[in-house]
Amino acid sequence: MLTSQNNFALVRTELDAIFYQAFNDVDMIPGYADANTEDIFKKMTIDRQAYIQETFAGTGFFSETGENQGVSMDQAEFGYKKIHAVQDWTKGTEISKNYFDDDVHGTYTNIIRDIALKARRTQDNNAFEVFRGAFDTTLTADGSIFISTSHPLLKGGTQSNYIAYALSPDVLNQAINNLATQKDQSGTIMGTYPSILLVELSIFKYAKEITESALIADSGNNNINFFRSAYGFKVYTSPYLSVAAGAPTGCWFLMSKNHSVTRMIRQGIVTSLRNWDLSNNRTYFYQANFREAVFVKDYVGVVGGKNQ
């Protein structure tokens, strides 16, 4: 009779069952985002080690044209080339053969569950780094920081997507207006509307009150909450967008559906097991890895701010 003590395939099957159950069984609180939240991170698959991006600047507004006049012409442009490299993420551990021989199930179960949970949380932590560094280290292809007062446009001019104020009803209204009048790389006002409000963890409660209360927040008047009735955008946060994780205090991001925050996946999570008889200390070696990167192609579709 085959048992896990004398059959390598059974050992791997058992370990993988523990790993993938823990990796996929993640409790999600409504409003708490992770790397798989496609409202925030647009998924892109790739079959090579790097992605070469060129920023696109389209045409401007249509021109009024007389009956016998030629069609107006406008040239689309590409520029700001940038290479985004896929990153390798790995973790492994040795597990004593004696754990299986002696049926110490709880011990190796805890080990494998921990690796699986850390894999999932590594993805989350890496994904939200683009927002934690949005005001200083995360760069778009134009060479500017993600949330900047001066993004150079391919067809001339600049565009700000930074509001130097903490979140409040008035600031949120300003952000909505700024997003609506935001120009794309061609210098054209796109009339973009909000879809997502992503906030640092400590102001999540306040953001929900501003956007979802029946009456307007921070007011003694019984005014109807305009944000709730007119827009209905989703509010998100994450433990990996918190001061403890390195995010600026009170940072916030108003995002439209056409933002370009991208999670580029080369390889999903993969596991492997080395048998104990290939070691010099009678241990199995269990490992997991995935390959991906998260980046921002362009500023368009996002306005952000933070506490000063």
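Above this text you will find the structure in question.
What counts as what
Residues numbered from 1 in each chain as written. Predicted model: local features only at pLDDT ≥ 70, side-chain atom pairs only at ≥ 80, totals over all residues. Heavy atoms only, no water. Helix = DSSP H or I, 4+ residues; strand = E, 2+ residues; numbered from the N terminus. Rg over C-alpha atoms; globule rule 2.2 N^0.38 Å. Buried < 20%, exposed > 50% of the residue type's maximum accessible area, 1.4 Å probe, protein only. Contact = heavy atoms within 4.5 Å. Pairing = 2+ DSSP bridges. Salt bridge = Lys/Arg side-chain N within 4 Å of Asp/Glu carboxyl O. Core = buried A, V, L, I, M, F, W, Y, C linked by side-chain atoms within 4.5 Å. Axes fitted to C-alpha atoms, helices over the stretch in contact; angles between N-to-C directions. Parallel < 35°, antiparallel > 145°, perpendicular 65-115°, else oblique. Left-handed = near helix turned anticlockwise from the far one by under 90°. Nonpolar A, V, L, I, M, F, W, Y, C, P; charged D, E, K, R; others polar.

### Looking at the overall build of the protein
Moving on, step 1. Helix and strand counts for the protein come out as 6 helices and 13 strands.
Moving on, step 2. For 308 residues, the compact-globule formula gives about 19 Å, and the C-alpha radius of gyration of the protein, at 25 Å, lies well above that figure.
Moving on, step 3. Oriented by its inertia axes, the alpha-carbon framework of the protein measures out at about 85 × 55 × 35 Å.
Moving on, step 4. Relative to its 308 residues, the protein shows a buried fraction of 44%.
Moving on, step 5. By sequence separation, contacts in the protein at least 24 residues apart represent 75% of the contacts at least 6 residues apart.

### Comments concerning the sheet that holds strand 13 (residues 302–305)
Moving on, step 1. With mixed pairing, 5 strands are arranged side by side in an open sheet as 7-13-10-8-9. In this open sheet, the two strands that pair with only one neighbour each are strand 7 (162–163) and strand 9 (234–236).
Moving on, step 2. Pairing between strand 8 (residues 196–199) and strand 9: 3 bridges, direction parallel. Considered in strand 9, the bridge of L198 is made with Y236.

### Focus: the pattern of salt bridges
Moving on, step 1. One pass over the structure, following the stated rule, counts 12 salt bridges.
Moving on, step 2. The partner of D34 in a salt bridge is R120, with the nearest N and O atoms 3.5 Å apart. Here D34 is found in the loop between helix 1 (8–24) and strand 1 (42–45), whereas its partner R120 is found in helix 3 (residues 105–132), with 86 residues between them in sequence. For the pair D34 and R120, one class covers both residues: buried.
Moving on, step 3. Here K97 ties to D101 by a salt bridge, and the two come within 2.4 Å at their closest N and O atoms. Here D101 and K97 lie together in helix 2 (residues 97–101), a separation of 4 residues that amounts to about one turn.
Moving on, step 4. Note on D101: relative accessible area 26%, which makes it partly exposed.

### What about the nonpolar core?
Moving on, step 1. Grouped together as the largest cluster of nonpolar side chains are 24 residues, with contacts concentrated most on F41, F131, L198 and F253.
Moving on, step 2. Per element, the largest residue contribution to this core is 4 residues, and it comes from helix 3.
Moving on, step 3. Ignoring any residue separated from it by four or fewer positions in sequence, one finds L198 in contact with I40, F128, F131, Y236, T237, L241, C251, W252, F253 and M255.

### Structural notes on the packing of helix 1 against helix 3
Moving on, step 1. At a minimum axis distance of 8 Å, the contact between helix 1 and helix 3 shows a crossing angle of 40°. On the basis of the axis angle, helix 1 is oblique to helix 3. Crossing handedness for the pair helix 1 and helix 3: right-handed. When helix 1 is examined against helix 3, the residues E14, L15, I18, F19, A22, F23 and N24 are found in contact with a partner set consisting of H105, Y108, T109, I112, R113, I115, A116, L117, A119, R120 and Q123.
Moving on, step 2. For the contact of helix 1 with helix 3, the residue count by class is 11 nonpolar, 4 polar and 3 charged.

### Here's the deal with the sheet that holds strand 4 (residues 87–96)
Moving on, step 1. If you trace the 4 strands from one edge of the open sheet to the other, you get 1-11-12-4, paired in mixed fashion. Looking along the sheet, the strands with just one partner apiece sit at the ends: strand 1 and strand 4. For this sheet, the mean inter-axis angle between neighbouring strands, taken without regard to orientation, is 30°.
Moving on, step 2. In the sheet, strand 11 (residues 261–274) pairs with strand 12 (residues 283–296) via 11 bridges, with the strands oriented antiparallel. Looking at the pairing, I265 lines up with E292 of strand 12.
Moving on, step 3. Across the sheet, helix 1 touches strand 4, strand 11 and strand 12, and the angle it forms with strand 11 is around 150°.
Moving on, step 4. On top of the sheet, helix 3 reaches strand 4, strand 11 and strand 12; it is set at about 15° to strand 12, its chief contact.

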